[in-house]
Amino acid sequence: MSRAGSPSVPSPCISVCRMDARSGWCEGCLRTIDEIAGWSTMSDEAKRAVWHVLPQRREAFETMKGAPR
């Protein structure tokens, strides 16, 4: 939980809300549907854990986009 006076962890949403069927990630923020749906009730620690994996997901998603379907 965040301490009094400290800002909560922001959402990675960039308003590009399309789920990629192959990866299961949003094409904009790269979160799963469960992460998106649960964001408002997640602890700050859980939110930071999601933020931590986003760079790896971005790299995997970019690689996946270049591969033939």
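The text that follows walks through the structure, step by step, so that each part is easy to find.

Reading the values: the criteria
Each chain carries its own residue numbering, running from 1 in the written order of its sequence. Reporting of local features is limited, given that this is a predicted model, to residues whose pLDDT is at least 70; pairs of side-chain atoms are given and counted only at 80 or more, and all residues count toward the totals for whole chains, interfaces and linings. Each side-chain value is worked out from all heavy atoms of the structure, with water and hydrogens disregarded. Strands are runs of DSSP state E lasting at least two residues, helices are runs of H or I lasting at least four, and both sets are numbered from the N terminus onward. Partly exposed residues are those whose accessible area sits between 20% and 50% of the maximum for their type, while under 20% is buried and over 50% is exposed, using a 1.4 Å probe and protein chains only. Counted as salt bridges are all cases of a side-chain nitrogen of Lys or Arg within 4 Å of a carboxyl oxygen of Asp or Glu. By nonpolar core we mean a set of buried residues, namely Ala, Val, Leu, Ile, Met, Phe, Trp, Tyr and Cys, connected to one another through side-chain atoms within 4.5 Å. Should any heavy atoms of two residues lie within 4.5 Å, those residues are considered in contact. When charges are counted, Lys and Arg are positive and Asp and Glu negative, with His and the chain ends excluded. Disulfides are defined in this document as cysteine sulfur pairs within 2.5 Å.

1. Here we look at unusual backbone geometry
Residues other than glycine seldom take positive phi values, yet Ser15 does so here, at roughly 60°. Following the sequence through the fold, Ser15 ends up in the segment before helix H1 (33–38). Unlike most non-glycine residues, Leu30 shows phi in positive territory, near 65°. Judged by its relative accessible area of 2%, Leu30 falls in the buried class.

2. Some details on the pattern of salt bridges
With the rule as written, the count across this model stands at four salt bridges. One salt bridge connects Arg58 with Glu62, and the closest N-O pair in it is separated by 3.6 Å. Of this pair, Arg58 and Glu62 both sit in helix H2 (residues 44–66), four residues apart, roughly one helical turn. Exposure remark for Arg58: the relative accessible area of 31% places this residue in the partly exposed category. For Lys65, the salt bridge is made with Glu62, and the minimal N-O distance between the two is 3.8 Å. Of the two residues, Lys65 and Glu62 are both situated in helix H2; the distance of three residues between them amounts to about one turn of the helix. Through salt bridges with shared partners, a single ionic network connects Arg58, Glu62 and Lys65.

3. Side note on the nonpolar core
With eight residues, the main nonpolar core is built from Val9, Trp25, Leu30, Trp39, Val50, Leu54, Phe61 and Met64. For Trp25, the contacting residues outside a window of four places in its chain are Arg18, Met19, Asp20, Leu30, Arg31, Thr32, Arg57, Ala60, Phe61 and Met64.

4. Looking at the side chain of Lys47
When you line up the elements, Lys47 lands in helix H2. Asp44 is the oppositely charged side chain nearest to the buried, salt-bridge-free Lys47, at an N-O distance of 4.3 Å. In this structure, Lys47 is in contact with Val9, Trp39 and Met42, ignoring residues within four places of it in sequence.

5. Considerations on the state of the cysteines
Cysteine pairs can be covalently joined through their sulfur atoms, and such a bond is termed a disulfide. Tallied over the entire structure, the rule returns zero disulfides. Its sulfur unpaired, Cys13 is 4.3 Å from the next cysteine sulfur, which belongs to Cys17.

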